[in-house]
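# Structural features, examined
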Amino acid sequence: MSGGWLVAVSAASVVLISGCTASIDPDELSGVYRNDKTGSELRLESDGTFSAAGVSTDGHSGPADFHGGWEFLDDQAGSDFIYLTVEGDGLGGTDGIQLYPSGRNAVEFRPDPDGPPGPKLTKAAAP
């Protein structure tokens, strides 16, 4: 009896855990993300390019404008993230930066994977 109970609890746990883990559809990532408090805006275009205006990627630097290409990397080192390849010198020589989905309609920068996230940018409603 106790073996059957353990199997039932294990199966229920798997269902609950898998239901809580929202998979990210890369096709749904395109759009405009904003932080109204800071005035930051990030545009992820469906062609794999991006532009950022007034975005602070950590708690130490001021807002910057930068652009380049983006790609979604799922399950990299146990985490899904968007890799932004920065063109030019918009971030003072930084070639790339990671952007993390936060729920289905928000993203955030995490300069230190173990530290607190940066300001959250929320996806704007489509016009």
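All of these numbers come straight from a predicted model, not from anything done at the bench. (Residues numbered from 1 in each chain as written. Predicted model: local features only at pLDDT ≥ 70, side-chain atom pairs only at ≥ 80, totals over all residues. Heavy atoms only, no water.)

Per-residue confidence for the protein chain gives a mean pLDDT of 79, with 79% of residues at or over 70. Ignoring residues within four places in sequence, the model shows residues 1-21, a span with pLDDT below 50, making 0 contacts including any to other chains. (pLDDT = per-residue confidence, 0-100. Contact = heavy atoms within 4.5 Å.)

Below, the discussion takes up the pairing of strand β2 (residues 40-44). Of all the 5 residues making up β2, 4 are buried; the element is thus mostly covered by neighbouring parts of the structure. Across 5 bridges, strand β1 (residues 31-35) lies against β2 in antiparallel orientation. Following the sheet pairing, valine 32 is matched in β2 by arginine 43. Counting the residues between successive antiparallel strands, the hairpin from β1 to β2 contains 4 residues, one of them, glycine 39, with a positive phi of roughly 80°. Where β2 and strand β3 (residues 49-55) come together, 4 bridges link them in antiparallel fashion. Bridging across to β3, leucine 42 finds its partner in alanine 52. The hairpin formed by β2 and β3 contains 4 residues between the paired strands, and glycine 48 there has a positive phi angle of roughly 90°. (Buried < 20%, exposed > 50% of the residue type's maximum accessible area, 1.4 Å probe, protein only. Helix = DSSP H or I, 4+ residues; strand = E, 2+ residues; numbered from the N terminus. Pairing = 2+ DSSP bridges.)

Here the focus is the side chain of serine 40. Within the secondary structure, serine 40 sits in strand β2. Since its relative accessible area comes to 6%, serine 40 is described here as buried. At 2.8 Å, the side chain of serine 40 and the side chain of threonine 38 are in polar contact. Of the polar contacts made by the side chain of serine 40, one reaches the backbone oxygen of glycine 54; its length is 2.8 Å. (Polar contact = N/O pair within 3.5 Å; in protein donor to acceptor, adjacent residues only side chain to side chain.)

Turning to the environment of glutamate 71, a few remarks are in order. Mapped onto the fold, glutamate 71 is located in strand β4 (residues 64-76). When the C-alpha atoms of glutamate 71 and phenylalanine 81 are compared, they prove to be 8.6 Å apart, with 10 residues separating the residues in sequence. Beyond its immediate sequence surroundings of up to four residues, glutamate 71 is in contact with Phe81, Ile82 and Tyr83.

This part is about the nonpolar core. Grouped together as the largest cluster of nonpolar side chains are 21 residues, with contacts concentrated most on Leu42, Phe66, Ile82 and Leu84. Among the secondary structure elements, those contributing two or more residues to this core are β2, β3, β4, β5 (79-87), β6 (96-101) and β7 (106-109). For this core, the element with the most residues is β4, which contributes 4 residues. Beyond its immediate sequence surroundings of up to four residues, leucine 84 is in contact with Leu44, Phe50, Phe66, Gly69, Trp70, Asp95, Gly96, Ile97, Leu99 and Phe109. (Core = buried A, V, L, I, M, F, W, Y, C linked by side-chain atoms within 4.5 Å.)

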